[in-house]
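Residues per chain, in single letters:
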Amino acid sequence: MSSYHSSGRLSDNPMAIEAWFMDESREDKRLPHHRSPPEFVSLDYLAELGVLYWHLNPKDYENDEELQKIREDRGYNYMDLLDLCPEKVQNYEEKLKNFYTEHIHGDEEIRYCLEGSGYFDVRDKNDRWIRIWINAGDLIVLPAGIYHRFTLNTSNYIKLMRLFVGEPVWRAFNRPQEEHPARKEYIKSLVEKVGVALEAH
Ligand SMILES: CSCCC(=O)C(=O)O
Ligand SMILES: [Fe+2]
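Model, not experiment: these values are computed from the prediction.

Taken together, Phe99, His103, His105, Glu109, Arg111, Phe120, His148, Phe150 and Leu160 are the residues near ligand 1. Between ligand 1 and histidine 103 there is a distance of 3.1 Å, counted from an oxygen atom to a side-chain nitrogen or oxygen. Residue arginine 111 places a side-chain N or O atom 3.1 Å away from an oxygen atom belonging to ligand 1. Out of a free accessible area of 290 Å², ligand 1 has 95% covered by protein chains. Broken down by element, the residue count for the shell around ligand 1 peaks at three residues, all from strand β5 (residues 109–123).

Written out as structure tokens, the structure is:
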């Protein structure tokens, strides 16, 4: 039997990311939205969807060799910081609304949480929402073409590092995007990886 720890996390292992299938309720998006009983999702399952994860030391991000290596290996030469609070972000409410509108990008979305926390929701191959809880030290990569969205949780604050290959393009394409080349490429990669026949949505 598993039990919750004081942090609210199911695991007391800070290296483990937590992800779960969401319920269907329409209540506040900043709440966890667990199913009853909770249905957790493994890192292996996320990897099948093309979602990558590392846990790093967020206090050392300026000199972190592990982060440096990931950036070199994957060509992430662009970096900036996003402090998501009303005082520092223009059009804060509008940005949050757009972040929570289901979308894809033509490129990977790479985010490293330095402080605070939040939820990245991604669609799995059966179009179910998986909620990924990001805390300080969690670096995730969402593949180009995966439907996703982001919300703050009840802590209401996150500081993120954004990484990119080359000149950043933040453009979001809201669902439906079945004809977008990145979407087609993503579906192809899923079929190759897990051999599932996916219906177009
Ligand atoms: C707050 S960063 C994550 C939101 C998002 O999906 C995006 O920027 O495209
Ligand atoms: Fe996005």
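UniProt marks His103, His105, Glu109 and His148 with the feature "binding site: Fe(2+)" (unreviewed entry), using the numbering shown here. Across 46 residues in sequence, these annotated residues keep their C-alpha atoms within 11.4 Å of one another, forming a single compact spot. Considering the arrangement of structural elements, one finds histidine 103 in strand β4 (residues 103–104). What makes histidine 103 buried here is its relative accessible area of 6%. Once you skip the residues sitting within four places of it in the chain, histidine 103 turns out to touch Asn98, Glu109, Ile146, Tyr147, His148, Arg149, Ala172, Phe173, Asn174 and Arg175. Of the polar contacts made by the side chain of histidine 103, one reaches the backbone oxygen of threonine 101; its length is 2.7 Å. In this structure, histidine 148 sits in strand β8 (residues 148–152). A distance of 3.2 Å separates a polar atom in the side chain of histidine 148 from a polar atom in the side chain of histidine 105.

Right, let's get into the packing of aromatic side chains. Aromatic rings considered in pairs are described by the distance between their centres and by the relative angle of their planes. Counted by the stated rule, this structure contains eight aromatic pairs. Measuring from ring centre to ring centre gives 6.2 Å for tryptophan 20 and tryptophan 133, while their planes differ by 70 degrees; the resulting arrangement is edge-to-face. Remark: tryptophan 133 occurs in strand β6 (residues 129–135) and tryptophan 20 occurs in strand β1 (residues 18–21); sequence separation between them is 113 residues. The same class applies to tryptophan 20 and to tryptophan 133, which are both buried.

With that settled, consider the nonpolar core. Among the nonpolar cores identified, the biggest contains 29 residues, and Leu46, Leu49, Leu84, Ile130, Ile132, Ile134 and Ile158 are the most heavily contacted of them. Beyond its immediate sequence surroundings of up to four residues, isoleucine 132 is in contact with Ile17, Glu18, Ala19, Leu46, Val51, Gly118, Tyr119, Phe120, Asp121 and Val122.

So, on to the coordination of the iron ion (ligand 2). Coordination of the iron ion (ligand 2) by the protein comes from His103 (NE2), His105 (NE2), Glu109 (OE) and His148 (NE2), over a distance range of 2.0 to 2.2 Å. Each of the six donor atoms bound to the iron ion (ligand 2) contributes to angles spanning 74 to 171 degrees, and the resulting shape is octahedral. Each donor residue of the iron ion (ligand 2) belongs to the same chain, and together they define the spacing H-x1-H-x3-E-x38-H. One end of the pair, glutamate 109, is in strand β5; the other, histidine 148, is in strand β8, and 39 residues separate them in sequence. Take glutamate 109: its relative accessible area is 8%, and that puts it in the buried class. Note on histidine 148: relative accessible area 2%, which makes it buried.

Applying the stated criterion across every chain, the model contains 17 salt bridges. Between glutamate 178 and arginine 183 there is a salt bridge; the shortest N-O distance is 3.3 Å. Residue classification places arginine 183 among the buried residues on the basis of a relative accessible area of 7%. With its nearest N and O atoms 3.7 Å apart, the salt bridge here joins glutamate 185 to lysine 188. One end of the pair, glutamate 185, and the other, lysine 188, are both in helix α4 (residues 181–194), three residues apart, so they sit about a helical turn from each other. Given a relative accessible area of 46%, lysine 188 falls into the partly exposed group.

Calculation notes
- Residues numbered from 1 in each chain as written.
- Chains lettered and ligands numbered in written order.
- Predicted model: local features only at pLDDT ≥ 70, side-chain atom pairs only at ≥ 80, totals over all residues.
- Heavy atoms only, no water.
- Near = heavy atom within 4 Å.
- Polar contact = N/O pair within 3.5 Å; in protein donor to acceptor, adjacent residues only side chain to side chain.
- Areas by Shrake-Rupley, 256 points an atom, 1.4 Å probe, with all protein chains shown as cover.
- Helix = DSSP H or I, 4+ residues; strand = E, 2+ residues; numbered from the N terminus.
- UniProt positions renumbered as here; feature names shortened; annotations may be inferred.
- Buried < 20%, exposed > 50% of the residue type's maximum accessible area, 1.4 Å probe, protein only.
- Contact = heavy atoms within 4.5 Å.
- Phe/Tyr/Trp six-rings, centres within 6.5 Å; stacked < 30°, edge-to-face > 60°.
- Core = buried A, V, L, I, M, F, W, Y, C linked by side-chain atoms within 4.5 Å.
- Donors = N, O, S within 2.8 Å, 3.2 Å for Na, K, Ca; no water.
- Tetrahedral: all angles 85-135°; square planar, octahedral: opposite > 155°, others 65-115°.
- Salt bridge = Lys/Arg side-chain N within 4 Å of Asp/Glu carboxyl O.

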